[in-house]
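What follows is each chain in one-letter form.
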Amino acid sequence: MNSRFFSNEKVNTGRQPELDLLKALCVVGMIFVHVLLDLSENAMPTVLDDYGTELFGAATFMICMGIGMGYMRNQTPKAYLMRGFSLLTIGQFLNIVRNSIPNLIAWWATGKQFFIANAMLILQSDILSFAGLAFLLMALFKKCGLKKEVILGISVVMSFFALAAWHYVPSPSNYLASQLLGYFIITDAEAYFPLLCYFIFVAFGYFVGLYYPYIKDKNALANRVMLICFPVSFAYYYLRLTREWSWLPVLGSDTQYNMKPTPDAIATCLFTLGFLALLYKFVRAIGGELPPLVKHFSKYINNYYCIHYMLVLPVQTLLIALTGQLLPGKVIPLLYCFFVTAACYFIIEANEKYWHIHFASLRGAKAAVFVTVVWMLTVMIVLYCYPRIEVFANVWNDYLLP
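Keep in mind that this is a model prediction, so the values were computed, not measured.

1. What to know about the pattern of salt bridges
And step 1. Applying the stated criterion across every chain, the model contains six salt bridges.
And step 2. In this structure, E149 and K148 form a salt bridge, with 3.4 Å as the shortest nitrogen-oxygen distance.
And step 3. The partner of R240 in a salt bridge is D264, with the nearest N and O atoms 2.8 Å apart. With a gap of 24 residues between them, R240 in helix α10 (residues 218-242) and D264 in helix α12 (residues 262-285) connect regions that are remote in the sequence. Of the two residues, R240 and D264, neither departs from the other in class, the shared state being buried.

This is the structure in structure tokens:
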């Protein structure tokens with residue numbers, strides 16, 4: 001590997017400031033987007049919703065996750081397997097407390113179909129369920145001894161298959177079957193981040209992450225990366241915006257975002273790599289140190305994801321139950337964005353200092369009880385909700401929001 005840019009030995013270890021900054025930007029953007037989309041009627045700028053999230057959306061999170069995989073100390077299949085199952089369980093717990101419990105309470109209080117339909121979102125292909133499945137798949141690949149180049153190649157094939165399935169594989173007539181299939185490909189259910197569609201970002205991040213520790217001239221490499229990645233990705237998206245691509249979903253549509261078809265995915269990977277290089281140049285220009293708040297966002301990225309949603313979706317349920325509408329205007333939703341960001345910070349700090357609640361670190365009997373309760377509740381809620389729903393809430397019908 002020894003070259004102008006890379007060494008045969010690990011010379012670039014430890015935290016990477018540009019990666020911390022990228023994750024911090026993702027955290028703040030995530031909070032603002034989710035508050036504006038889920039709690040307001042018209043505060044979300046259309047350009048940001050349709051196109052901004054294309055370059056700075058969930059795919060960036062998943063690339064960061066893949067890079068983090070390359071830096072994991074324990075690279076055994078068992079470590080990946082346990083991490084995957086942990087993420088799936090935590091994701092189910094989050095679905096219970098942010099979706100099912102608030103909406104079931106509202107359903108029992110009002111009898112309105114909206115609430116029980118949203119309670120059924122205990123089953124959904126969300127980012128944590130995707131991350132869990134991605135780790136499980138990586139565990140299988142590691143068990144098979146596959147190299148990073150092979151894993152990346154398989155991810156591209158998976159992406160092509162998902163695009164073909166969208167064209168030729170109809171959704172099952174049974175909604176529950178469609179929802180389960182939606183964990184893997186696009187269906188008419190809540191298939192937000194299907195495994196076959198989004199795994200390419202994890203594989204790309206993992207590929208980059210395994211090279212990252214060997215970079216010996218990061219500044220020169222950053223120049224080269226930007227020189228290649230930005231022109232290619234910008235040229236692609238220019239053509240994507242100005243030409244009709246009948247075999248791809250419309251850019252900026254829900255289908256396009258949820259699927260990230262192969263050409264779009266590759267362009268997003270290149271743009272993200274170029275942007276990561278640009279962030280390195282920025283951090284270097286300001287002296288190489290980041291503010292503590294930026295490091296906090298990066299370190300607790302999963303905590304911010306889980307906590308901020310507890311301040312968004314239950315509030316949405318409460319607003320609709322009490323008023324029948326979401327937050328009015330643009331100022332109040334924007335102020336709430338800042339409130340949620342600050343609240344997450346103080347909750348995380350309080351937890352680290354006083355409460356020490358970390359579900360992922362549970363062991364022994366406590367872990368067994370937590371896992372059992374989460375998955376038993378999942379089954380019970382599905383059995384209760386499914387036969388009572390007339391129209392299922394999902395991304396394709398805007399969750400039946402008023």
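More follows now that the structure is in view.
2. A closer look at the side chain of D38
And step 1. Its location among the elements puts D38 in helix α1 (residues 17-39).
And step 2. The buried charged residue D38 lacks any salt bridge partner; its closest oppositely charged side chain belongs to R98, at an N-O distance of 7.5 Å.
And step 3. Apart from the residues within four sequence positions on either side, D38 is in contact with Y309, V312, L313, Q316 and L326.

3. Looking at the nonpolar core
And step 1. Residues M62, F193, L195, Y198, F199, F201 and Y304 are the most contacted members of the largest nonpolar core, which totals 138 residues.
And step 2. Looking at which element gives the most residues to this core, the answer is α1, with 13 residues.
And step 3. Setting aside residues up to four positions removed in sequence, Y304 forms contacts with V27, M30, I31, H296, F297, T341, C344, Y345 and I348.

4. Digging into helix α15 (residues 313-323)
And step 1. By the burial criterion, the buried members of α15 are L313, P314, Q316, T317, L319 and I320.
And step 2. Of the surrounding elements, those touching the buried residues of α15 are α1, α4 (77-110), α5 (113-119) and α14 (301-310).
And step 3. Two residues or fewer past α15, G324 is found with a positive phi of approximately 80 degrees.

5. What to know about the side chain of N99
And step 1. Topologically, N99 is positioned in helix α4.
And step 2. Side-chain polar atoms of N99 contact the side chain of Q124, separated by 3.2 Å.
And step 3. Among all residues touching N99, those that are not within four sequence positions of it are L94, N118, A119, L121, Q124 and L313.

6. Details of the packing of aromatic side chains
And step 1. Scanning the model with the defined rule gives 29 aromatic pairs in all.
And step 2. Seen in terms of ring centroids, F234 and F271 are 5.9 Å apart; in terms of plane orientation they differ by 55 degrees. Their pairing is tilted. Here the residue F234 occupies a position in helix α10, and F271 occupies one in helix α12, the gap between them amounting to 37 residues.
And step 3. Between the aromatic rings of Y305 and Y309, the centroid separation amounts to 5.4 Å while the plane-to-plane angle is 85 degrees, which identifies the pairing as edge-to-face. In this pair, Y305 and Y309 are both assigned in helix α14, four residues apart and thus about one turn of the helix distant. The two residues Y305 and Y309 agree in class, both being buried.
And step 4. The residue whose ring lies beneath R83 is F135, and the NZ or CZ to ring-centre distance is 5.9 Å.
And step 5. The aromatic ring of Y309 is capped on one face by R98, whose charged end is 4.3 Å from the ring centroid.

7. Side note on the packing of α1 against helix α16 (residues 331-355)
And step 1. Contact geometry of α1 with α16 gives a least axis separation of 9 Å together with a crossing angle of 135 degrees. One way to sum up the angle between α1 and α16 is to call them oblique. Remark: the crossing between α1 and α16 carries right-handed chirality. Along the contact surface, α1 presents I31, F32, V35, L36 and L39, while α16 presents P333, L334, Y336, C337, F338, V340 and T341.
And step 2. Split into classes, the residues belonging to the contact of α1 with α16 amount to 11 nonpolar, one polar and no charged.

8. Quick look at the confidence of the model for the protein chain
And step 1. The pLDDT averaged across the protein chain works out to 94; a share of 98% of its residues lies at or above 70.
And step 2. Highest mean pLDDT in the protein chain belongs to α5 (98); lowest belongs to helix α2 (residues 46-56) (69).

9. Quick word on a nonpolar patch on the surface
And step 1. Residues I347, Y354, W355, I357 and F359 make up a contiguous nonpolar surface patch of roughly 540 Å² in combined accessible area.
And step 2. With respect to the helices, strands and loops of the structure, F359 is situated in the loop between α16 and α17 (364-385).

10. Examining unusual backbone geometry
And step 1. Unlike most non-glycine residues, K260 shows phi in positive territory, near 50 degrees.
And step 2. Mapped onto the elements of the fold, K260 is located in the loop between α11 (254-259) and α12.
And step 3. In this structure K260 comes out as buried when scored by relative accessible area, which is 1%.
And step 4. Positive phi values are uncommon outside glycine, yet D398 reaches one of about 55 degrees.
And step 5. With respect to the helices and strands, the residue D398 is situated in the segment after α17.

The rules behind each value
- Residues numbered from 1 in each chain as written.
- Predicted model: local features only at pLDDT ≥ 70, side-chain atom pairs only at ≥ 80, totals over all residues.
- Heavy atoms only, no water.
- Salt bridge = Lys/Arg side-chain N within 4 Å of Asp/Glu carboxyl O.
- Helix = DSSP H or I, 4+ residues; strand = E, 2+ residues; numbered from the N terminus.
- Buried < 20%, exposed > 50% of the residue type's maximum accessible area, 1.4 Å probe, protein only.
- Lys, Arg positive; Asp, Glu negative; His and termini not counted.
- Contact = heavy atoms within 4.5 Å.
- Core = buried A, V, L, I, M, F, W, Y, C linked by side-chain atoms within 4.5 Å.
- Polar contact = N/O pair within 3.5 Å; in protein donor to acceptor, adjacent residues only side chain to side chain.
- Phe/Tyr/Trp six-rings, centres within 6.5 Å; stacked < 30°, edge-to-face > 60°.
- Lys NZ or Arg CZ within 6 Å of the ring centre and 35° of its normal.
- Axes fitted to C-alpha atoms, helices over the stretch in contact; angles between N-to-C directions.
- Parallel < 35°, antiparallel > 145°, perpendicular 65-115°, else oblique.
- Left-handed = near helix turned anticlockwise from the far one by under 90°.
- Nonpolar A, V, L, I, M, F, W, Y, C, P; charged D, E, K, R; others polar.
- pLDDT = per-residue confidence, 0-100.
- Patch = residues over 30% accessible without salt bridge, like charges linked within 9 Å, V, L, I, M, F, W, Y side chains within 5 Å.
- Areas by Shrake-Rupley, 256 points an atom, 1.4 Å probe, with all protein chains shown as cover.

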